[in-house]
Amino acid sequence: DGRPADGTASSDASGAERWEGILVVVEQHDGEPRPVSWQLLGQARRMAARLPGCPVMALVMGHQVRHVAQQAIAYGADVVLLADHPALGVYRTQPYSDVTLHVIRTHRPEIVLIGATYTGRDLAGAIATRVPTGLTADCTMLDVEPPPSRLLQASRPAFSEKLMATILCKRHRPQMATARPGVFEALEPDPSRPGEIRELAVTLDESRVAARVVRIERQTRTVRLDEARVIVAGGRGLGGPHGFRLLGELAEALGGVVGASRPAVEAGWIGHEHQIGQTGQTVRPKLYVACGISGAVQHLVGMSGSEVIVAIDKDPQAPILQAADVAIVGDLYEVVPALIQEARAG
Ligand code: FAD
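Bear in mind that the values here come from a model prediction, so they are computed numbers and not experimental data. (Residues numbered from 1 in each chain as written. Predicted model: local features only at pLDDT ≥ 70, side-chain atom pairs only at ≥ 80, totals over all residues. Heavy atoms only, no water.)

Chemist: Quick question: what am I supposed to make of the site of the ligand here?
Modeler: For the ligand, the set of nearby residues contains 26 residues, the closest of which are Arg 236, Ser 261, Thr 279, Ser 294 and Asp 313. Gly 237 is positioned such that a nitrogen or oxygen atom in its backbone is 3.4 Å from a nitrogen atom of the ligand. In the environment of the ligand, an oxygen atom lies 3.1 Å from a nitrogen or oxygen atom belonging to the backbone of Gly 292. Breaking the shell around the ligand down by element, the ones donating at least two residues are helix H6 (262–266) and helix H7 (297–303). Residues that form the shell around the ligand fall into these classes: six nonpolar, 14 polar and six charged. (Near = heavy atom within 4 Å. Polar contact = N/O pair within 3.5 Å; in protein donor to acceptor, adjacent residues only side chain to side chain. Helix = DSSP H or I, 4+ residues; strand = E, 2+ residues; numbered from the N terminus. Nonpolar A, V, L, I, M, F, W, Y, C, P; charged D, E, K, R; others polar.)

Structural data, given as structure tokens:
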């Protein structure tokens, strides 16, 4: 509604008016939805099954994004709230949080889920302070207790990733969480799923929005590990940055991207945006090729959701070989060139 939050929506869980339903804030850029949105809708559906009669709602904000609303139904939303307006064409904190706050006040969802992406983290913080309610950020597990408590169980690594903390929001509503991309599975999209799109009347006064978008520069080389179908990852066993050039060739031949273990990143052989694991990204590609990565648990948690794992390690005792569907014991500098040749020929 564009007005600043004044707390009149009473975020108290014991409020007379009921808070009900799970709201997923869908993220899109230029009309391209981010997969984390569909992953969260899938998890919202699984949680809603524990809360009889609980609707799953999606909020789609942007400009000319009706097709995204349609997809949200196919991915599990019962109701899609569509805010389509030129002022929402590019993400900006203020108009996006104005709209989300309005939806929270009018639809009173008991749970709000947002992807822990750059924009999602920004939006979630802005909303939580304005509602006001608590926010569990960067979750890797989400579940809900059945009635009567209906409490969201939001879990995330804590204390330098040494333990998993489950955080409950007992007093305030909605219960809010951001969740990492890649940790939940999206449902198989069903275009024939019934659902309703409700268009929101957006009246944003551009003169009230402090941030102006002056120029947009696209970074074409940004790696999207969480969306990759094929990842070729390298570790300390590469022995230096030159190894990643070889892995880049294999990734290109397979139509994939390059990932890395933490030591490879810490050695400066490759950028941090490539790191996979507990303190990196969680990925679930169709194919994960691990080269010179031993398979420490902190690495495995980030990639064990991959559909097929191929591991190349010269040490037959390396744990990664146990976790792999195809285990190749050998020198990666002999095996990888052979794979590149095969991939290019095929
Ligand atoms: P190594 O364990 O040294 O393994 C190298 C492997 O390469 C060995 O198995 C070796 O046999 C093999 N090798 C060597 N040369 C060749 C060759 N020529 N051909 C084939 N194989 C070869 N790690 C992560 O990856 N991601 C994280 O997010 C992460 N977070 C962490 C968080 C915390 C709190 C802590 C304590 C640790 C974290 N770690 C993380 C580090 C993790 O514990 C391991 O140290 C790390 O994953 C090991 O990386 P690596 O497999 O590349 O190296």
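Chemist: Where do I start with helix H1 (residues 35–48) in this structure?
Modeler: Since one α-helical turn is 3.6 residues long, residues separated by three or four positions face the same way. Its 14 residues give H1 an end-to-end C-alpha distance of 20 Å, which sits within 8% of 20 Å, the value for a rise of 1.5 Å per residue. Listed as buried for H1 are Val 36, Ser 37, Trp 38, Gln 39, Leu 40, Leu 41, Gly 42, Gln 43, Ala 44, Met 47 and Ala 48. (Expected span 1.5 Å × (residues − 1). Buried < 20%, exposed > 50% of the residue type's maximum accessible area, 1.4 Å probe, protein only.)

Chemist: I tried to follow the sheet that holds strand S8 (residues 141–144) on my own but got confused; where do I start?
Modeler: Paired through their backbone hydrogen bonds, the strands of a sheet run either parallel or antiparallel. The sheet built from three strands is open, its strands ordered S8-S9-S10 with antiparallel pairing. In this open sheet, the two edge strands, each paired with only one partner strand, are S8 and strand S10 (163–167). Taken over all neighbouring pairs, the strand axes of this sheet differ in orientation by 25 degrees on average, direction set aside. As judged from the four bridges shared by S8 and strand S9 (residues 152–158), these two strands associate in the antiparallel manner. Following the sheet pairing, Asp 143 is matched in S9 by Gln 153. The strands touched by H1 within the sheet are S8 and S9, with S8 carrying the most contacts at an inclination of about 30 degrees. (Pairing = 2+ DSSP bridges. Axes fitted to C-alpha atoms, helices over the stretch in contact; angles between N-to-C directions. Contact = heavy atoms within 4.5 Å.)

Chemist: Mind showing me how you'd approach the pattern of salt bridges here?
Modeler: Side chains that carry opposite charge are capable of pairing whenever their charged atoms lie near each other. Evaluated as defined, the whole model comprises 20 salt bridges. For the salt bridge of Asp 143 with Arg 50, the shortest nitrogen-to-oxygen distance reads 3.6 Å. Of this pair, Asp 143 sits in strand S8 while Arg 50 is found in the loop between H1 and strand S4 (56–62), placing the two residues 93 residues apart along the sequence. Looking at Arg 50, the relative accessible area reads 38%, which means it is partly exposed. A salt bridge links Glu 206 to Arg 212, with the nearest nitrogen and oxygen atoms 3.7 Å apart. A relative accessible area of 33% means that Glu 206 is categorised as partly exposed. Counted as one network, the salt bridges with shared partners bring together Glu 27, Arg 34, Arg 224, Asp 226 and Glu 227. (Salt bridge = Lys/Arg side-chain N within 4 Å of Asp/Glu carboxyl O.)

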